[in-house]
Amino acid sequence: MARNAAQKAWFVMSEVVRVRIAPSPTGKLHIGTARTALFNYLFAKKHEGKFIVRMEDTDRERSTDDFERDILDGLLWLGMPWDEGPEVGGPAEPYRQRDRAGIYQAFIDQLLESKAAYRCFCTPEELEQERAEQQAKKLPPRYSGKCRKLTADEAAAHEQAGKPFTVRFATPAGKVEFEDLIRGHVEFDGELFGDFVIVRSDGTPLFLLANVIDDHLMEITHVLRGEDHLSNAGKQILLAKALNLFSPEFGHFPLILNTDRSKMSKRKNPVAISDDYKAKGFLPEALVNFIALLGWSSGTDRELYSLGELIDEFQIERVGRSPSIFDLEKLTWMNGYYIRHLAIGDLANRAEVFITNPIIKQAALKSPEFHLQALSLVQERLKTLAEVEEQIEFFYQDPVYETALLIAKKSNRERTQKALTVALEAVGQLKELTLEQIELALRGAAKNAELADGELLWTVRVALSGRAASPGTFELIEVFGRDEALKRLKSGLKKLG
RNA sequence: GGUCCCAUCGUCUAGUGGCCUAGGACGCCUGGUUUUCAUCCAGGAAAUCACGGGUUCGACUCCCGUUGGGACCGCCA
């Protein structure tokens, strides 16, 4: 636990920016947490500083290893590896609060000794009742400060009797003020905080306290987090002062909202990066780009940025103060944009996990060239990777469709039969299967048979794909090759009777 | 109930006193390219800048108030 001299010296000398993201593993990586992480990451990289992850798992009841795994994997997936934190270590090890349990006691003792904090013997039931009464009287729910008035003897007697106690901060009266990087001058009246609990009856510190101590020990220079922590900053500044510690700079981002303008929540929105976005076929590039725009803008008309470009352009002063609603439609558009701009091999790699049909999987493995060609034909119509399988299915399996679909809008059965017949002939006679030759042959065939181009091309396309909407006729023939194309045209003709 | 925060097209936003009869993006509509869909291109509708008062020669921009919305007030973080 003790840092060696070299590390200590390094800390003292460092003037670099050190920021942290402090998630509690009580749920999967949340959109809001991801955005806070991103802004911290961008801020750190922009200033050539360190991005640190600290797991705040003091809530043992709700914290799980699975959630921690999900959060860490999510950060990595989004492209934000941490310089210090779980699994990579660092000079301020350990980076999980459950492993730091021994660190906090000295600080708690210091607070108790200096009378900046006191033991509270009130039971949860008493407190709950007190709160209920205050609520009923429409008074602000705050601790009465009852145990603060206990004499040393009374407190000792309670302790002697083995009564469980929490530790409360004796919040000093007076103003707390600070300059928030995003909100500007902020001030609170200390009295309004009440004497909040900083240590549980089991002796473990609460977030408010552990946070301050760890930020100090980890030499955090800037605390950048959601606006829901704004009043906590006031409490933590007070706490730091009582402990004789410097407070970091603070910056509080506006919240991300549900459509009904309440704080974005699991109930009303898909918020889990892993389950709701990664698993649904969203690209990390799109998510990062989109999330960055929730609250931040460059001041120009530009909206498309890679992570690297974001690092170059990001300025904390350009983060806005008003909350934003998460717009899934725009994210989806952006995702499609990023998919369209993927190199085809890259698309294939990323789409792989979304292809579950064993027939397609095997065939793709067997002839990767064909697979790549099929993918490139559907690439521009994908909004998410999850749509890949449905889109390329007909390349691998005989198309299933209603006979009527073969007949183009302004055509009829006879003309369609004719179209298929002459198309069959034209494709059969094709010397080389280039887009140009295919088009020439098909259009020529239509002309000779006195058919509109559209009549013929539509039915050929449907015979090949089985779909009302699909990639173009010429492209399909080129990718399928003569034999497969012929086979499908024949089966189409047969359907027509 | 208290404290704090926020307020420009449906949504994300630009705008820091005159360049704004408010710009961009998503979505929506129309047209073009085209065998279909998608892409792409061109165009359009869409914000009395929440409201009311000031300050100023001049306010989306500054000040005050009102209204609306939100966050926080836990032995959660």
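Definitions and limits used
Residues numbered from 1 in each chain as written. Chains lettered and ligands numbered in written order. Predicted model: local features only at pLDDT ≥ 70, side-chain atom pairs only at ≥ 80, totals over all residues. Near = placed C-beta within 6 Å. Helix = DSSP H or I, 4+ residues; strand = E, 2+ residues; numbered from the N terminus. Nonpolar A, V, L, I, M, F, W, Y, C, P; charged D, E, K, R; others polar. Domains from an automatic or database assignment. Contact = placed C-beta atoms within 7 Å. Pairing = 2+ DSSP bridges. Axes fitted to C-alpha atoms, helices over the stretch in contact; angles between N-to-C directions. Buried ≥ 20, exposed ≤ 12 C-beta atoms within 10 Å, placed from the backbone. Right-handed = clockwise from strand over helix to strand, strands pointing away.

Considerations on the protein's contact with RNA strand B
- Taken together, 65 residues sit near RNA strand B, with E56, K138, P140, S324 and G472 positioned nearest.
- Top element by residues in the surface near RNA strand B is helix 19 (residues 453-465). It accounts for 5 residues.
- Classifying every residue of the surface near RNA strand B by side-chain character gives 25 nonpolar, 19 polar and 21 charged.

Side note on the domain arrangement of chain A
- Partitioning chain A into domains gives domain 1 (342-396) and domain 2 (403-495).
- The gap between the C-alpha centroids of domain 1 and domain 2 is 24 Å.
- Every contact between the two is made by 5 residues of domain 1 and, on the other side, 6 residues of domain 2.

Describing the sheet that holds strand 3 (residues 117-120)
- Across the sheet, 3 strands lie side by side as 3-4-7; this open sheet has antiparallel pairing. At either margin of the open sheet sits one strand with a lone partner, and together these are strand 3 and strand 7 (197-199). Pairs of neighbouring strands in the sheet enclose a mean axial angle of 45 degrees, with direction left out of account.
- Both strand 3 and strand 4 (residues 166-169) contribute to a ladder of 4 bridges, which runs antiparallel. Across the sheet, C120 pairs through a bridge with T166, a residue of strand 4.

Quick word on the environment of I182
- If you trace the backbone, I182 turns up in the loop between strand 5 (175-180) and strand 6 (184-189).
- For I182 and L385, which are 203 residues apart along the polypeptide, the C-alpha to C-alpha distance reads 36 Å.

A word on the pairing of strand 9 (residues 249-253)
- Across the 5 residues that make up strand 9, a large majority, 4, are buried.
- Across 5 bridges, the pairing between strand 8 (residues 222-226) and strand 9 is parallel. Within strand 9, the position partnered with V223 by the bridge is F250.
- The β-α-β motif built from strand 8, the intervening helix 8 (residues 230-242) and the parallel element strand 9 has right-handed crossover chirality.

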